[in-house]
Amino acid sequence: MSRAWVIEFWRGTALAVVALLGGLAFNNLGVAFLLAIAGYLAWHLHQLHRLERWLHDGKRFAPPDADGIWAEIFHHYYRLQKRNRARKQRLAALVREFRDSTAAIPDGAIVLGVRWEILWFNNAAERLLALGPQDAGQRIANLVRAPAFIEYLVRGDYRAPVVIVAPKDEALMLALQLVPYGASQHLLLVRDVTRLHRLEQMRREFVANASHELRSPLTVVSGYLDTLLDDPALLDGDLGCALAQMRAQTSRMQQIVDDLLELSRLENEGAAAPLLPIDMRALLGQVRADTMPLRKAGQTLEFAIESDATVLGAEKEIRSVVTNLVGNALAYSPEQGAVVVSYTTDTAGARIAVSDNGPGIPAEHIAHLTERFYRVDRGRARKDGGTGLGLSIVKHALQRHGGRLDIESKVGLGSTFTAVFPSERVTGRS
Ligand code: ADP
């Protein structure tokens, strides 16, 4: 038993003895005990009252003097108070430090609640998105109205950021990325990518300008070479051979320049491709006519058109997609190879698949095929005259149609390149 309880025990015992002696002296034990109990209760009530007063307004100060069990109660309570106060101060300091450090981050950070409402934002977010104190509690979609961002919110795939023009400053390009955390909260990170965007634009413009400038001199050189090659006197011997080589390399350069210009055009066309109905039978018939002459000896080229559905898009771009894929299939498969082009549609959209039974592509190269100038076998591709830009053009053209390029390949068995169009781009499905 603690000392306080021993004191309390002896206090009670002493009171009982006094009551007993008083009762015996006045010959009324009942009244004496009643008085003793009443006194004891009154004393406890008085202590309770002091505790209540102290808790009410004085608990910041040292506890009132007391002895016995009440001293113990005051003391315990006081210690608890002190410990809580210290913990609260530590927590407040931690929160302050966290807020100060996030406020100092150059990137914007916004904490969003379950209904996409703004719970908190740092200084950079305030500056980049022109937010103010009145925006706390507002839904983010009401403040950042760029369609690309709204679509990003709805789509639910937050692995990559979305790039938009800043809501209140057209010169500012922002990359916004949602990071889910907790039960259903999100952190919205906002990065200023204006410089990167400008550099990217400069790169695109440079490539477009350089290609454009190269076009005219190349046309002149190739024209003169044509004239020289028309002269039978020059065709004999080494000179004829050199001229033929120069002519071949010039047309290869012209092809590269044309492809670079085409790629720049696709990249610079920011908006999605138009929604013009395309007669796919006619388009594939045209591709067939254009690519038949490219077959090597014994190669077969078959078209299986299994749907009459119409694709909505830019005809020239889709024709270039299929021509590129068929051209590659014929170029990379051996003589006697078979190339099959199929056109199918279902509820998911339309698919143009180009299959060959050529050498196939090792898996590690597949993800890189749509990069500019990427070739699996550099030497061979150069010899065969490819520009290395065909699949980049295909990828960009399909992106402009909301579609994608799927590539499946098995080394030794062949490859299938599939241009996939989403259902919004397909009508009259059958
Ligand atoms: P290229 O002008 O060199 O054909 P592309 O961008 O069209 O450039 O293709 C990139 C590379 O992908 C090619 O160099 C080739 O290595 C590979 N490739 C493309 N299509 C096929 C195919 N059907 N079979 C095997 N390899 C292919």
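Not measured: the values here are computed from a predicted model. Numbering of residues starts from 1 in each chain and follows the order in which that chain's sequence is written. Totals for whole chains, interfaces and linings use every residue, but because this is a predicted model, local features are given only for residues with pLDDT of at least 70 and side-chain atom pairs only at 80 or more, for both listing and counting. With hydrogens and water set aside, each side-chain value is computed from the structure's full complement of heavy atoms.

A. Region of interest: a nonpolar patch on the surface. Patch building starts from residues that exceed 30% relative accessible area and form no salt bridge, then joins like charges within 9 Å and nonpolar side chains (Val, Leu, Ile, Met, Phe, Trp, Tyr) within 5 Å. Using the Shrake-Rupley algorithm and a 1.4 Å probe, accessible areas are obtained, with residue cover drawn only from the displayed protein chains. We count a salt bridge whenever a side-chain nitrogen from Lys or Arg sits within 4 Å of a carboxyl oxygen from Asp or Glu. There is a patch of nonpolar side chains on the surface, built from Leu20, Leu24, Leu29 and Phe33 and spanning about 340 Å² of accessible area. Note on conventions: DSSP H or I runs of at least 4 residues are helices, E runs of at least 2 residues are strands, and numbering of each starts at the N terminus. Looking at the nonpolar patch, the elements with two or more residues in it are helix 1 (3–25) and helix 2 (29–58). With respect to the helices, strands and loops of the structure, leucine 29 is situated in helix 2. Judged by its relative accessible area of 37%, leucine 29 falls in the partly exposed class. Only protein chains enter the area calculation, which uses a 1.4 Å probe; residues under 20% of their type maximum are buried, those over 50% are exposed, and those in between are partly exposed.

B. Just the sheet that holds strand 3 (residues 162–166), in detail. Should DSSP find at least two bridges between two strands, the strands are regarded as paired. Reading across from one edge, 2-1-5-4-3 is the order of the 5 strands in this open sheet, with antiparallel pairing throughout. The open sheet has two free edges, formed respectively by strand 2 (118–121) and strand 3, since each of these has just one partner strand. Across the sheet, the mean angle from the axis of one strand to that of its neighbour is 30°, orientation sign disregarded. Relative to strand 5 (residues 185–192), strand 1 (residues 108–112) is paired through 5 bridges, and the arrangement is antiparallel. In the strand pairing of strand 5, valine 111 is matched with leucine 187. Sitting on the sheet, helix 7 (residues 194–230) touches strand 4 (169–181) and strand 5, and the angle it makes with strand 4 is about 115°. Fitting a line to C-alpha atoms yields each axis, with helices limited to the stretch in contact; the angle taken between N-to-C directions then spans 0 to 180 degrees. Should any heavy atoms of two residues lie within 4.5 Å, those residues are considered in contact.

C. Representation of the environment of alanine 304 in the model. Relative to the assigned elements, alanine 304 resides in strand 7 (residues 300–305). With 20 residues separating them along the chain, alanine 304 and leucine 284 place their C-alpha atoms 9.7 Å apart. If we skip the residues at most four places from it in the chain, alanine 304 touches Val341, Ser342 and Tyr343.

D. Here's a closer look at the pairing of strand 11 (residues 404–410). Residues Leu405, Ile407 and Ser409 of strand 11 are buried on one face, while the alternating residues Arg404, Asp406, Glu408 and Lys410, pointing to the opposite face, are not. With antiparallel pairing between neighbouring strands as the criterion, strand 11 and strand 12 (residues 414–422) make up a hairpin whose turn holds 3 residues, including glycine 412 at a positive phi of roughly 90°.

E. Quick peek at the nonpolar core. In these notes, a set of buried Ala, Val, Leu, Ile, Met, Phe, Trp, Tyr and Cys residues joined through side-chain atoms within 4.5 Å is what counts as a nonpolar core. Ranked by size, the top nonpolar core spans 41 residues in total, and within it Ile318 and Ile352 carry the most contacts. If you tally residues by element for this core, the top one is helix 11 (residues 315–332), at 7 residues. The residues touching isoleucine 318, leaving out its near neighbours within four places in the chain, are Ile278, Met280, Leu283, Val311, Ile352, His401 and Phe421. Membership of the second largest hydrophobic core comes to 24 residues, among which are Ile118, Leu128, Leu129 and Ile140.

F. How the structure looks around the site of the ligand. Distances are taken per atom, and a residue is near a molecule or strand as soon as one of its heavy atoms is within 4 Å of it. As a structural note, the neighbourhood of the ligand is formed by 18 residues, with Asn328, Tyr332, Thr387, Gly388 and Leu391 the closest of them. By the criterion applied in these results, polar contacts are pairs of N or O atoms within 3.5 Å in which, for protein atoms, one can donate a hydrogen and the other can accept it, and in which residues neighboring in sequence qualify only through two side-chain atoms. One of the side-chain N or O atoms of aspartate 356 is found 2.8 Å from a nitrogen atom in the ligand. In the model, an oxygen atom of the ligand is placed 2.8 Å from a nitrogen or oxygen of the glycine 388 main chain. For the shell around the ligand, the secondary structure elements donating two or more residues are helix 11, helix 14 (390–399) and strand 12. With 3 residues, the single largest contributor to the shell around the ligand is helix 11.

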